[in-house]
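So you can see what is in the structure, the chains are spelled out below.
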Amino acid sequence: MVTSKVPDAKGGPGASAGARRTTRERSEKSGTESSAGPSAGRKGARLRRVTITDVGTAAGVSTSTVSRVLNGTARVDPELVRRVHDAVAELGYRPNAAAQGLARGEAGAIGVLVPDLANPYFPDVLKSVSAVARSHGRRVMVMESDEDAASEHELAEDLMGCCDGVLLCSPRMERTALVDLALRGHHVVLVNRIVPGLNIPSVSADFYGGMTLVCGHLSQLGHRRVAYLSGPEASWANAERIRAFDAAAAFGVEVTVIPCGHTARHGYDAATAVRDLDVTAVVAYNDLVARGAASALEEAGVRVPEDMAVIGCDDISPLDDLPGSRRLTTVSMARDELGRQAAETLETLMTASGDTEPRLIPMELRVRETSAAPSTRSR
């Protein structure tokens, strides 16, 4: 942005006509407007955004030529291209990304639909998505379904109407709704959802592999009866966790699934059902649920991990860095990498041929302070 700053002594109301002319001449030569006049006595000059007209004047070409050069929508004489770029650099002109996108028939934005913005899982994902989008000159529009699977299809359609591509993060909608969206021909990538046979690229954490690591860890510690506090019923990630527990018999572990939810309050309320079972360990849908369950268990006199091991998922506990807080055993994955890969996959889909083969990002077991061998008292 080019600005012109005129000291009061030269361009203010008391300045001579010659001084004001000199000021205007200097401003005209530099391609800016003078701030001399009634407002020149203010502290600091008025800022004016450099326009495409200014660039055309400085380069000695029409505004339409500047537009064609900057948008790359037509072939332009190399000498004119050089003059336009020189003028852009000299004036510090910043093209309007949205306008450029419209000139190319694009919105210049990508949309992201998430189920719950309050869930600490998503900020790291969104931050990486935003970084990738900016690197490609795009903006990001985020919408939330508030865990309402019935509203997701309509929200996704809204994003399709104003964005060049859409990331559907942990979508809860049924397969038929996803099929309908796929038939629209719009650029869509699924995040943490894999639908076999559907021609939509997907990038996901390997929840099945992560829960298999948990089963192996508990088996090695000597646990044989485990409760799982289940997440949202429509969650594919939750289904993948349960699928892993179905295979836990290979580790000698029997898992009882308890309907729960995705918040700390849900975990707290479900702890009563856990106490009614003959189990020595609890695995939760996520870290928030695990924290809530652990709090309720300890309030009831059940020691964690001495009497009951508690394991979370996603490594999103906000309490782990607080002094005196017991650090939660969990399974972790690089959420920033998930966001980066998802955004890059969408960018490739929008600009070239996309690969629809699902990508899985491995999870790692983080053994901390809430898992231990079952005590004699809890056996």
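Draft legend 1. Just the packing of helix α7 (residues 122–135) against helix α14 (residues 335–351), in detail. Packing of α7 against α14 leaves a shortest axis separation of 7 Å and a crossing angle of 40°. Comparing their axes, α14 and α7 come out oblique. Relative to α14, the crossing made by α7 is right-handed. Between α7 and α14, the residues in contact are D124, V125, S128, V129 and V132 and R335, D336, L338, G339, R340, A343 and E344, respectively. Residue composition of the contact of α7 with α14, by class: five nonpolar, two polar and five charged.

Draft legend 2. Geometry of the nonpolar core. Core analysis: the largest hydrophobic core is formed by 49 residues, its most contacted members being Y121, L167, M211, V283 and L338. With sequence-adjacent residues up to four places away left out, Y121 is seen in contact with N192, A205, F207, D314, I316, M333, R335 and L338. Among the nonpolar cores identified, the runner-up in size contains 20 residues, and A284, A294, L297 and V302 belong to it.

Draft legend 3. Broad picture of the environment of H85. Assignment of secondary structure puts H85 in helix α5 (residues 78–91). Taking C-alpha positions, H85 is 8.5 Å from A59, a pair spaced 26 residues apart along the chain. Beyond its immediate stretch of four places on either side in the chain, H85 contacts V69 and L70.

Draft legend 4. Layout of the sheet that holds strand β2 (residues 139–144). The strand order across the open sheet built from six strands is β2-β1-β3-β4-β5-β11, with neighbouring strands paired in parallel fashion. Across the chains shown, the open sheet's two edge strands, defined by having one partner strand only, are β2 and β11 (359–361). Averaged over all pairs of adjacent strands, the angle between strand axes in this sheet comes to 20°, irrespective of strand direction. Taken together, the three bridges between strand β5 (residues 202–205) and β11 define a ladder with parallel strand orientation. Of the residues in β11, the one forming a bridge with A205 is I361. Sitting on the sheet, α7 touches β1 (109–114), β2 and β3 (165–169), and the angle it makes with β1 is about 170°. Across the sheet, α14 touches β1, β3, β4 (187–191), β5 and β11, and the angle it forms with β4 is around 160°.

Draft legend 5. Focus on unusual backbone geometry. The omega torsion of the bond from V304 to P305 falls at 10°, within 30 degrees of zero and hence cis. Here P305 shows up in the loop between α13 (287–299) and β9 (309–311). Residue D315 is not a glycine yet carries a positive backbone phi of 55°. Along the polypeptide, D315 turns up in the loop between β9 and β10 (330–332).

Draft legend 6. Region of the structure containing α5. In this model, α5 (14 residues) spans 20 Å end to end at C-alpha, consistent with the 20 Å of a helix rising 1.5 Å per residue. Along α5, the residues classified as buried are V84, A87, V88 and L91. Buried residues of α5, viewed axially, fall in a sector of 100°; they line one side. Residues of α5 that are exposed and point more than 90 degrees away from the buried face comprise P78, A89 and E90. For α5, the N-terminal cap is D77; the gap from its side-chain oxygen to the backbone nitrogen of E79 is 2.9 Å. G92 occupies a position one or two residues after α5 and carries a positive phi of about 70°.

Draft legend 7. Quick look at the sheet that holds strand β8 (residues 281–284). Taken in spatial order, the four strands line up as β7-β6-β8-β9 in an open sheet, and their pairing is parallel. Each edge of the sheet is formed by a strand with only one pairing partner; in this case those strands are β7 (254–259) and β9. Across the sheet, the mean angle separating the axes of adjacent strands is 20° when strand polarity is ignored. Relative to β9, β8 runs parallel, the two sharing three bridges. In the sheet register, V283 faces β9, and the bridge partner there is I311. Sheet strands touched by helix α12 (residues 264–275): β6 (225–230), β7 and β8. Its angle to β6, the strand with the most contacts, is close to 150°.

Draft legend 8. Structural context of the pairing of β6. Counting buried positions over the six residues of β6 gives five, a clear majority of the element. As judged from the six bridges shared by β6 and β7, these two strands associate in the parallel manner. Bridged to L229 within β7 is I258. A crossover links β6 with its parallel partner β7, the connecting element being helix α11 (residues 236–246), and its sense is right-handed. Bridge count between β6 and β8: four bridges; the pairing is parallel. Residue pairing across strands places V226 opposite A281, the latter belonging to β8.

Cut-offs and rules
- Residues numbered from 1 in each chain as written.
- Predicted model: local features only at pLDDT ≥ 70, side-chain atom pairs only at ≥ 80, totals over all residues.
- Heavy atoms only, no water.
- Axes fitted to C-alpha atoms, helices over the stretch in contact; angles between N-to-C directions.
- Helix = DSSP H or I, 4+ residues; strand = E, 2+ residues; numbered from the N terminus.
- Parallel < 35°, antiparallel > 145°, perpendicular 65-115°, else oblique.
- Left-handed = near helix turned anticlockwise from the far one by under 90°.
- Contact = heavy atoms within 4.5 Å.
- Nonpolar A, V, L, I, M, F, W, Y, C, P; charged D, E, K, R; others polar.
- Core = buried A, V, L, I, M, F, W, Y, C linked by side-chain atoms within 4.5 Å.
- Buried < 20%, exposed > 50% of the residue type's maximum accessible area, 1.4 Å probe, protein only.
- Pairing = 2+ DSSP bridges.
- Expected span 1.5 Å × (residues − 1).
- Arc of directions from axis to C-beta.
- Polar contact = N/O pair within 3.5 Å; in protein donor to acceptor, adjacent residues only side chain to side chain.
- Right-handed = clockwise from strand over helix to strand, strands pointing away.

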